[in-house]
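Per-entry structural report
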Amino acid sequence: MCGIFGYVGKKNNASQITFEGLKLLEYRGYDSWGIAAKVESSKFKVQSSSSKFIVEKHIGKIGDINFNSQLSTLNSQLSIGHTRWATHGGVTVENAHPHLDCTKSIAVVHNGIIENFQELKEELSQKGHKFLSGTDTEVVPHLIEGFQKKEGFASSVKDAFNKLKGLNAIVVANAKSSEIIAAKNGSPLVVGIDKNAFIIASDLIGISDYTNRVIFLKDNQMVILGKKIKLLSLPKGNRLKENIEKINFKFEKSNKGNFEHFMIKEIYEQPGIIRNIAKNYSGKIKKLSKLMEKAKGTFFIGAGTAYNAALAGAYLFSRVSKKHINTSVASEFNYLEHFLNRESLVIALSQSGETIDVIEPLNRAKKRGSKIVGITNAVGSSIYRMADFNILLNAGTETAVASTKTYTAKLSIILLLVFSIINKLKDGKETLLKVSDEIERLLKKENLKKIKDISRSLNNSDTIYIIGRGVSYSSALEGALKIKEVSYKYCEGLAGGELKHGPIALIQKGSPCIVFAPNDETYESIISNAIEVKSRGGMIIGVSPKNSKAFDEWIKVEDLSDGTFITQIIPLQLLSYYLAIERGLDPDKPRNLAKSVTVK
Ligand code: F6R
């Protein structure tokens, strides 16, 4: 979470470069943003001297703003910026980063949570430091200021960083020495090495426009960027060799094309992505299925939508290939790690490849000698780099915060794996091609009217329920997550059988309940559950290949046997999108969320 960008070099428009960099990183957090720049000499009269930073901060999304203020016209060769997802301190201009020390010559942007910031803040306040924000971050420039009374900039940053508890990444700029120093033990930071500049950013996306020569900062490393680059290890500050990697990555900026939002555009991209997976993944799938066969214990982990895909995988492996897969919400896997050993295989599903809740248990699994597989959409991401084996989704940049196309891409890879394990990969590929055709049908204009009508009627209810059994239980969870995050309606995804164990008490006249009723072993039981809800006044919306008396509304999804678990989520993606539109919300950037979740 939070996007970080910094530039130090010979170009004279560092603040403008930082602004453009932040725009690319906005998906990491978008409640507020800010930039600090050192003035070399100015076209316009400015009040500060060149050893102080000029700072500009705003609340809201960076994309909404034209950068035509004083900062944008500055002649500056040193600048850092930040786009925030609030952790400590509300969304205010004061709390937006960068934060400065008392002399205004040290500027800091930060990603992470400083767990001991209260005690550090008290100590610093007693020493006379003045705090202007309610953030944890602001202790960092003041700590550095304090250390600088006795030592140089680099050792002050090192000593300050060593005092921080928790998982953190900081980027510090010094207007006096014209340097940037970054240190991390958590969130990602990448340094780009250009001919005449160093760039630092939270990920490659911010850098790939400038250079393909990069250093991925490892945990407990610190880098000094000025006229030269120096890499040091923490906590001691011993010099390390700078291992520069050449990366083959060019970020494609996505645009909405003829669509009104990225979310709907990405929903429409699904048939193409799935066709690509059907046609081009045999080699990788066979290798991974061999690894799975060899392993004594395979674990699928992920967060949010990625976890829902993992859960779907466990059901499909059980049903089709009779293979036991363990699954866990990634943030809970830390507490289930005790069964991991050198023969275990941990498969991490993650669009961004940067989710800290996934990275943490992977680190633990690695320590136990387990093999790590990454199924991600981001080349060069942290998970991609730590994995022993990678499968990329190749779904293109997913810009909308709510995952759609990377969810079905993950399901498609899982389906091929399931079929590969039973030596029927060809059947898996054929199923995927049918899946892709069926999604195209579901997305046809004439099929949207019903979805739009239903979403309008859902807007009249405060609570929506979704039920499914077996692999469709994961569809219920995913559908509910989509509705919650983009429409802000409370929606509960439930295993059909669980209704009568409590939640059915909530059903009253008119309560909408979406029912996944595919033509599989769950059909009879889920229809019984639907009737139980209907008998208590519930309004039943069936997602099924066949109509039923239990349904008040029916959304037809063709029976594609083992492929249906992919296609049946499309109506839910559409319903959540149109519900958000109905409610006048921006489905691409829902409140309180971020595309890349790098704090615990
Ligand atoms: C929901 C959504 C999130 C992510 C979760 C994990 O639409 O996008 O629940 O799935 O934050 O993110 P990744 O896949 O990047 O690890």
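Residues numbered from 1 in each chain as written. Predicted model: local features only at pLDDT ≥ 70, side-chain atom pairs only at ≥ 80, totals over all residues. Heavy atoms only, no water.

1. Quick word on the overall build of the protein
Short version of the rule: Counting from the N terminus, the helices are DSSP H or I runs at least four residues long and the strands are E runs at least two residues long. The size measure is the radius of gyration over C-alpha atoms, and the globule rule it meets is 2.2 Å times the number of residues to the 0.38 power. What makes two residues a contact is simply this: any of their non-hydrogen atoms within 4.5 Å. The protein chains shown are the only cover counted for residues, whose accessible areas, like all others here, come from Shrake-Rupley with a 1.4 Å probe. The charge count includes Lys and Arg as positive and Asp and Glu as negative, but it does not include His or the ends of the chains. A single reference atom marks each charge: NZ on Lys, CZ on Arg, CG on Asp, CD on Glu.
Secondary structure summary: the protein contains 18 helices and 27 strands in total. For 600 residues, the compact-globule estimate of 2.2 N^0.38 gives 25 Å, and the C-alpha radius of gyration of the protein, at 26 Å, lies within 12% of that figure. By its C-alpha atoms, the protein is 75 × 50 × 45 Å across when sized along the principal axes. Partitioning the intrachain contacts of the protein with sequence separation of at least 6 by distance along the chain shows that 71% fall at a separation of at least 24. By element, 48% of the accessible surface of the protein is carried by carbon and sulfur atoms, the whole surface being about 23800 Å². A gap of 5 Å separates the mean positions of the 83 positive and 61 negative side-chain charges of the protein.

2. Let's talk about the sheet that holds strand E21 (residues 371-376)
Test applied: Only strands that DSSP links by at least two bridges are regarded as paired with each other. Only C-alpha atoms enter the line fits that serve as axes; for helices the fit covers just the stretch in contact. Angles between N-to-C directions range over 0 to 180 degrees.
One open sheet accounts for 5 strands, arranged E19-E18-E20-E21-E22; its pairing is parallel. The open sheet has two edge strands, strand E19 (326-329) and strand E22 (389-392), and neither has a second partner. Ignoring which end each strand starts from, the neighbouring axes of this sheet average 20 degrees apart. Direction of pairing for E21 relative to E22: parallel, over a ladder of 4 bridges. Looking at the pairing, Thr-376 lines up with Leu-392 of E22. Here helix H7 (residues 282-294) sits on the sheet in contact with strand E18 (298-302), strand E20 (345-350), E21 and E22, set at roughly 140 degrees to E22. Helix H12 (residues 405-421) rests against E18, E20, E21 and E22 of the sheet, and its axis sits at about 150 degrees to E20.

3. Description of the environment of Leu-574
Going by this rule: Only protein chains enter the accessibility calculation, which uses a 1.4 Å probe; a residue is then buried when its area is under 20% of its type maximum, exposed when over 50%, and partly exposed in between.
Along the chain, the position of Leu-574 falls in helix H18 (residues 570-582). You can call Leu-574 buried: its relative accessible area is 1%. C-alpha separation for the pair Leu-574 and Ser-455, spaced 119 residues apart in sequence, amounts to 8.8 Å. Sequence-distant contacts of Leu-574, defined by excluding residues within four places in its chain, comprise Ile-264, Ile-267, Leu-442, Leu-443, Leu-448 and Ile-451.

4. Quick word on the pairing of strand E25 (residues 512-516)
Let me state the cut-off plainly: Handedness of a crossover is defined as follows: with both strands directed away from the viewer, a clockwise route from the first strand across the helix to the second makes it right-handed.
In terms of residue burial, E25 counts as a mostly covered element, since 5 of its 5 residues are buried. With burial as the criterion, each face of E25 is covered, one bearing Pro-512, Ile-514 and Phe-516 and the other bearing Cys-513 and Val-515. Relative to strand E26 (residues 539-544), E25 runs parallel, the two being bridged by 5 bridges. Bridging across to E26, Val-515 finds its partner in Gly-542. Between the parallel pair E25 and E26, the chain is carried across by helix H16 (residues 523-535), and the sense of this crossover is right-handed.

5. A word on the side chain of Ser-344
Put simply, the rule is: We define a polar contact as two N or O atoms separated by no more than 3.5 Å, with the added condition that, inside protein, one atom must be a possible hydrogen donor and the other a possible acceptor, whereas residues neighbouring each other in sequence contribute only through side-chain atom pairs.
The topology assignment puts Ser-344 in the loop between helix H9 (330-333) and E20. Engagement of the side chain of Ser-344 in a polar contact is seen with the backbone nitrogen of Asn-341, the distance being 2.8 Å. Here Ser-344 is in contact with Lys-296, Gly-297, Phe-299, Phe-339, Ser-370 and Lys-371, once residues within four sequence places are set aside.

6. Brief notes about the domain arrangement of the protein
Basically, it comes down to this: The split of the chain into domains comes from an automatic or database domain assignment. As used here, buried area is the combined drop in accessible area, with a 1.4 Å probe, of two parts when they are placed together. Here, a salt bridge means any Lys or Arg side-chain nitrogen found within 4 Å of an Asp or Glu carboxyl oxygen. Polarity classes work like this: nonpolar for Ala, Val, Leu, Ile, Met, Phe, Trp, Tyr, Cys and Pro, charged for Asp, Glu, Lys and Arg, and polar for all others, with Gly in that last group.
What the domain assignment lists for the protein is domain 1 (3-246), domain 2 (259-443) and domain 3 (444-595). Look at where the C-alpha atoms of domain 1 and domain 2 centre, and you get two points 34 Å apart. Tallying the contact residues gives 6 residues for domain 1 and 8 residues for domain 2. Summing both sides of the interface, domain 1 and domain 2 together bury roughly 610 Å²; the carbon and sulfur share of this comes to 67%. When residues of domain 1 are sorted by the area they lose upon contact with domain 2, Leu-167, Pro-188 and Phe-216 head the list and together hold 52% of the total. At the boundary of domain 1 and domain 2, one finds 0 salt bridges. Along the contact surface separating domain 1 from domain 2 lie 0 residue pairs in polar contact (both at pLDDT 80 or more). Looking at the side of domain 1 that touches domain 2, its residues break down into 5 nonpolar, no polar and 1 charged.

7. Considerations on helix H13 (residues 425-442)
As a reminder, the rule being used: Multiplying 1.5 Å by the helix residue count minus one yields the expected span of that helix. Directions are taken from the helix axis to each C-beta atom, and the arc is the one they span.
In a regular helix each residue adds 1.5 Å, so 18 residues correspond to 26 Å; H13 covers 26 Å between its end C-alpha atoms and thus fits that length. Within H13 the residues assigned to the buried category are Leu-425, Gly-428, Thr-431, Leu-432, Val-435, Ser-436, Glu-438, Ile-439 and Leu-442. Down the axis, H13 shows its buried residues gathered within 165 degrees of arc, on one side only.

8. Brief notes about the environment of Glu-360
Topologically, Glu-360 is positioned in helix H10 (residues 356-367). Along the backbone, Glu-360 and Asn-334 are 26 residues apart, and their C-alpha atoms lie at a distance of 7.6 Å.

9. Here's the deal with the sheet that holds strand E24 (residues 490-495)
Across the sheet, which stays open at both edges, the 5 strands sit in the order E24-E23-E25-E26-E27 with parallel pairing between neighbours. Each end of this open sheet is capped by a strand with a single partner; those strands are E24 and strand E27 (553-556). Sheet twist, expressed as the mean angle between neighbouring strand axes with direction ignored, is 20 degrees. With 3 bridges connecting them, strand E23 (residues 463-468) and E25 associate as parallel partners. Looking at the pairing, Ile-466 lines up with Ile-514 of E25.

10. Here we look at the pattern of salt bridges
By the definition in use, this model includes 26 salt bridges. Of the charged contacts in the structure, one is a salt bridge between Arg-368 and Glu-337, with a shortest N-O distance of 3.5 Å. Here Glu-337 lies in the loop between H9 and E20 and Arg-368 lies in the loop between H10 and E21, a separation of 31 residues in the sequence. According to the relative accessible area criterion, Arg-368 is partly exposed, its value standing at 32%. For Glu-337, a relative accessible area of 11% gives the class buried. Note that Glu-398 and Lys-595 form a salt bridge whose closest N and O atoms lie 2.7 Å from each other. In this pair, Glu-398 is assigned in the loop between E22 and H12 and Lys-595 in the segment after H18, connecting sequence segments 197 residues apart. For Glu-398, a relative accessible area of 4% corresponds to the buried category. One salt-bridge network, in which partners are shared between bridges, spans Arg-319, Asp-520, Glu-521 and Asp-562.

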